[in-house]
Amino acid sequence: MTDYRRNRVPGGTYFFTVNLHDRRLNLLTENIESLRAAIRKTRARLPFHIDAWVVLPDHTHCLWTLPEGDSNFATRWQIIKAEFSRTIPKSEPRSASRTAKAERGIWQRRFWEHTIRDDTDYAAHMDYIHFNPVKHGHAANPAAWPYSTFHQAVAKGLYPATWHPAANTARPLTRTTHATVTTYHQPVKAPDTPRPETADRCDQHFSE
């Protein structure tokens, strides 16, 4: 049996990748409001700070910072998955194992988790999240994808609206404290470019 352990750092910042069981489906973007509702319900029960988030059709990446003394990200993901799954009709194929355990077949059972080590690591994962829709061919640039926190980050001055990693230049990091948690941001001056109308749909539930 695989010796599988999570790295739990109380009050830490984590990067997550969570996938649908069937990567051919578009459930997450087709049911984006259900996913947002699941996240809201989870944060109401077990708060956490959203540093960055992107939702693609079949998977999602995000950065969370947990409250001081709290490392229980696993329960938070269990709640998000369960709340979202309840909104999806029970039509997906299920293995004998999942059927025996009364499990849905919406999500992969496990998820990828990485503990953020320092400012550079944080910045790299922020960039990875916001560029991911372009990487997968869903958008021509980060600003064109409606289901991420990129527009919120632009509004905060963390990125220019026309940001692309190929043109990214080194810049100092600053620490910003959010109540009981501390997160890291890269300050850059955003140009006076209007935000797309799709930004409000994204920011509404994936921001603090």
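This text follows the structure it describes.
Quick caveat, the model's predicted, so the values are computed rather than measured. Each chain has its residues counted from 1, following the order in which its sequence is written. Given that this is a predicted model, residues contribute local features only at a pLDDT of at least 70 and side-chain atom pairs are listed and counted only at 80 or more, while totals for whole chains, interfaces and linings are drawn from all residues. Heavy atoms throughout the structure, all of them, feed into the side-chain values; hydrogens and water do not.

Asks: Before we go on, may I ask you to explain helix 2 (residues 32–45) in this structure?
Replies: Given 3.6 residues to a turn, an α-helix orients residues that are three or four positions apart in the same direction. Put simply, DSSP marks the helices as runs of H or I at least four residues long and the strands as runs of E at least two long, and each gets a number from the N terminus on. Multiplying 1.5 Å by the residue count of a helix minus one yields the expected span of that helix. Between its terminal C-alpha atoms helix 2 stretches 20 Å, which fits the 20 Å expected from 14 residues at 1.5 Å a residue. Partly exposed residues are those whose accessible area sits between 20% and 50% of the maximum for their type, while under 20% is buried and over 50% is exposed, using a 1.4 Å probe and protein chains only. Residues of helix 2 that are buried: Ile32, Leu35, Arg36, Ala38, Ile39, Thr42 and Arg43. One face of helix 2 carries all of its buried residues, which in axial projection span an arc of 160 degrees. Away from the buried face of helix 2 by more than 90 degrees, exposed residues Ala44 and Arg45 are located. The directions from the helix axis to the C-beta atoms are what the arc is built from.

Asks: What am I meant to see in the side chain of Glu83 here?
Replies: Considering the arrangement of structural elements, one finds Glu83 in helix 3 (residues 73–86). What qualifies as a polar contact is a pair of N or O atoms within 3.5 Å, subject to a donor-acceptor requirement within protein and to the restriction that residues adjacent in sequence count only when both atoms come from side chains. A polar contact is formed between the side chain of Glu83 and the side chain of Arg86, at a distance of 3.2 Å. The contact criterion used is simple: two residues touch if any of their non-hydrogen atoms lie within 4.5 Å. Setting aside anything within four residues of it in sequence, one finds Glu83 in contact with Ala38 and Lys41.

Asks: Would you mind going over the pattern of salt bridges with me for this structure?
Replies: A side chain of one charge can pair with a side chain of the opposite charge if their charged atoms are brought near each other. Salt bridges are defined by distance alone: a side-chain nitrogen of Lys or Arg within 4 Å of a carboxyl oxygen of Asp or Glu. All chains considered together, the criterion is met by seven salt bridges. Between Asp58 and Arg23 there is a salt bridge, with its nearest N and O atoms 2.7 Å apart. With Asp58 in the loop between strand 2 (49–55) and strand 3 (59–65) and Arg23 in the loop between strand 1 (13–19) and helix 1 (27–30), this residue pair connects regions lying 35 residues apart in the sequence. Using a relative accessible area of 38% as the deciding quantity, one classes Arg23 as partly exposed. Close ionic contact of Arg76 with Asp70 constitutes a salt bridge, the shortest N to O distance being 2.7 Å. Given a relative accessible area of 17%, Asp70 falls into the buried group.

These figures capture arrangement, not role.
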